Amino acid sequence: MNLAPVYRQALQSAQLVRRIGWVRRLQGLAIEAEGPQAELGEMCRVLPADADGASPVLAEVVGLEHGRVVLMPYAPLRGVAAGCRVEALGHASRIAVGPQLVGRVIDGFGEPLDGRPRPACGAWAELHAPATNPMERPRISRVLETGVRAIDAFLTLGEGQRMGIFAGSGVGKSSLLGMITRHARADLNVIALIGERGREVREFIEEQLGEAGLRRSIVVVATSEQPALARIRAAHAAVAVARHFAQEGRAVLLTMDSITRLAMARREVGLAAGEPATARGYTPSVFAELPQLCERCGTLPSGGSVTALLTVLVEGDDLNEPVADCMRSILDGHVVLSRELAQQAHFPAIDLLRSASRLMKDLASGPDRDRVREAVRHLAVLERNRQLVELGAYTAGANPALDAALALEAALFAWLRQEAGGAAREEALQQLGAILSRGSAA
């Protein structure tokens, strides 16, 4: 038996040189070390002093200054003190990928959170792989049905589109995401829960996603108490997993709740690394990272696609706050959820007059676009004259456009409300056409 190839492979994989350094300073969550010679983004291992059996702490290089290396940890710094050894691991962040992940709940390192054995994956995906060459991206041409009438008709999505769901807290974005992931006609769902309360993770999986939805999903979780770098890693791990399956030719739906918590985690890391604060304390790296993450989604030369639905938690319902404003300029459309509609028990609470899909004109047929334009005109007339009608100051016949809109209001809003997903797009458009025809006949 020829053992030379085996020995050669063992020699090539052996670690013959170690790059080490020592912790010199701890400031907040940042570790300042003298050495090792490491690159930005490289993984390191911090070996705590042997106190109460503390385990090694993984950390990532986030800054380099004056012969010192600034690291951010992925776990609490239990047992870490000045003088502890730091070892460079020689590789950037990556995650194991493969079909074994389907139906599983994992963290940003691929470790299981569902009590089952670790997935035995045979491939690796880089967390910060470059985006696809824009000239190699196929154009978006296939409609992705979500099963939500208001979205499929008024805000038609395409496979590979990036859409933001903008909402304040408690307006129903998690419920809407659960409805979409259960019923969207995608080959696979990748769900990233970033900075969520621990209580809500299980609730989302069991109530919003359901057993059937989990069977064709991969859930990546980083709860709110975890270090900022762990939350950032989970977001990039979800994108890397989604891209892996899209490169195999699958249509993947990536949902992330929420991109705002990712921005907050990046702000925390940036401030610890010494970046200057800008709008509302956000650092420049936040506004550099958001487009980098979004551009890794979309269509791929393999024929697969990553359709991204990213929730944006707007502070104080202010749609012009920095993260929301930045995301609107990056994404291919936005769904705005209205607190006023939610308070009226209107679910999903989508404000259609403030929402838009930039690809609808390319994906919807001419007759479908005409129906939607007519419905939007009626909704705009109702919104513009709502106070006049509610005060009783309007006399029927004074405004024919308002009379027509009032005649359609009850049926139109009943059609827009939807307690359960799964509505077929063609059927929904036919129902909308029938409602508009009744109004025209009247």
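Further up the page is the structure itself.
Please read all numbers here as calculations on a predicted model, not as lab measurements.

**Here's the deal with the pairing of strand β5 (residues 68-73)**
In step 1: The buried count for β5 comes to five of six residues, which makes it a mostly enclosed element.
In step 2: By the bridge criterion, four bridges tie strand β2 (residues 30-34) to β5 in an arrangement that is antiparallel. For Ala-33, the partnering residue across the bridge sits in β5 and is Val-69.
In step 3: Of the strand pairs in this sheet, strand β4 (residues 57-65) and β5 are connected by six bridges, and their pairing is antiparallel.

**What about the environment of Leu-353?**
In step 1: Mapped onto the secondary structure, Leu-353 falls in the loop between α9 (339-343) and β19 (356-357).
In step 2: Along the sequence, Leu-353 and Phe-154 sit 199 residues apart, while their C-alpha atoms lie 9.9 Å from each other.
In step 3: Not counting chain neighbours up to four residues away, the residues in contact with Leu-353 comprise Val-376, Leu-379, Ala-380 and Glu-383.

**Section: the nonpolar core**
Looking at soluble globular proteins, one finds that nonpolar side chains tend to be buried together.
In step 1: In terms of nonpolar packing, the biggest core is built from 65 residues, with Leu-254, Met-256, Ile-259 and Met-327 touching the most fellow members.
In step 2: Tallying contributions element by element places helix α5 (residues 228-247) first for this core, with 14 residues.
In step 3: For Met-327, the residues in contact, after removing those within four places along its chain, are Phe-166, Ile-259, Leu-290, Cys-294, Leu-310 and Val-312.
In step 4: The next biggest cluster of nonpolar side chains, apart from the first, holds 57 residues, and it includes Val-171, Leu-177, Leu-214 and Val-372.

**Here we look at helix α7 (residues 284-295)**
In step 1: The end-to-end C-alpha distance of α7 is 18 Å, a good match for the 16 Å that twelve residues give at a rise of 1.5 Å each.
In step 2: Inspection of α7 places Ser-285, Val-286, Glu-289, Leu-290, Leu-293 and Cys-294 among the buried residues, and these make up the whole buried set. Buried residues along α7 cover an arc of 150 degrees about the axis, so they all sit on one side.
In step 3: Where α7 is buried, its residues touch β12 (162-167), α5, β15 (251-257), α6 (259-272), β17 (305-313) and α8 (322-330).

**Side note on unusual backbone geometry**
In step 1: Of note, the bond from Asp-257 into Ser-258 is cis; its omega dihedral lies within 30 degrees of zero at 5 degrees.
In step 2: Within the fold, Ser-258 resides in the loop between β15 and α6.
In step 3: For the bond running from Phe-347 to Pro-348, omega is -5 degrees, close enough to zero to count as cis.
In step 4: Tracing the backbone shows Pro-348 in the loop between α9 and β19.
In step 5: The backbone of Ala-345 sits at a positive phi, close to 60 degrees, despite the residue not being glycine.
In step 6: Locating Ala-345 in the fold gives a position in the loop between α9 and β19.
In step 7: Residue class for Ala-345 comes out exposed when judged on its relative accessible area of 56%.

What counts, and at which threshold
Residues numbered from 1 in each chain as written. Predicted model: local features only at pLDDT ≥ 70, side-chain atom pairs only at ≥ 80, totals over all residues. Heavy atoms only, no water. Buried < 20%, exposed > 50% of the residue type's maximum accessible area, 1.4 Å probe, protein only. Helix = DSSP H or I, 4+ residues; strand = E, 2+ residues; numbered from the N terminus. Pairing = 2+ DSSP bridges. Contact = heavy atoms within 4.5 Å. Core = buried A, V, L, I, M, F, W, Y, C linked by side-chain atoms within 4.5 Å. Expected span 1.5 Å × (residues − 1). Arc of directions from axis to C-beta.

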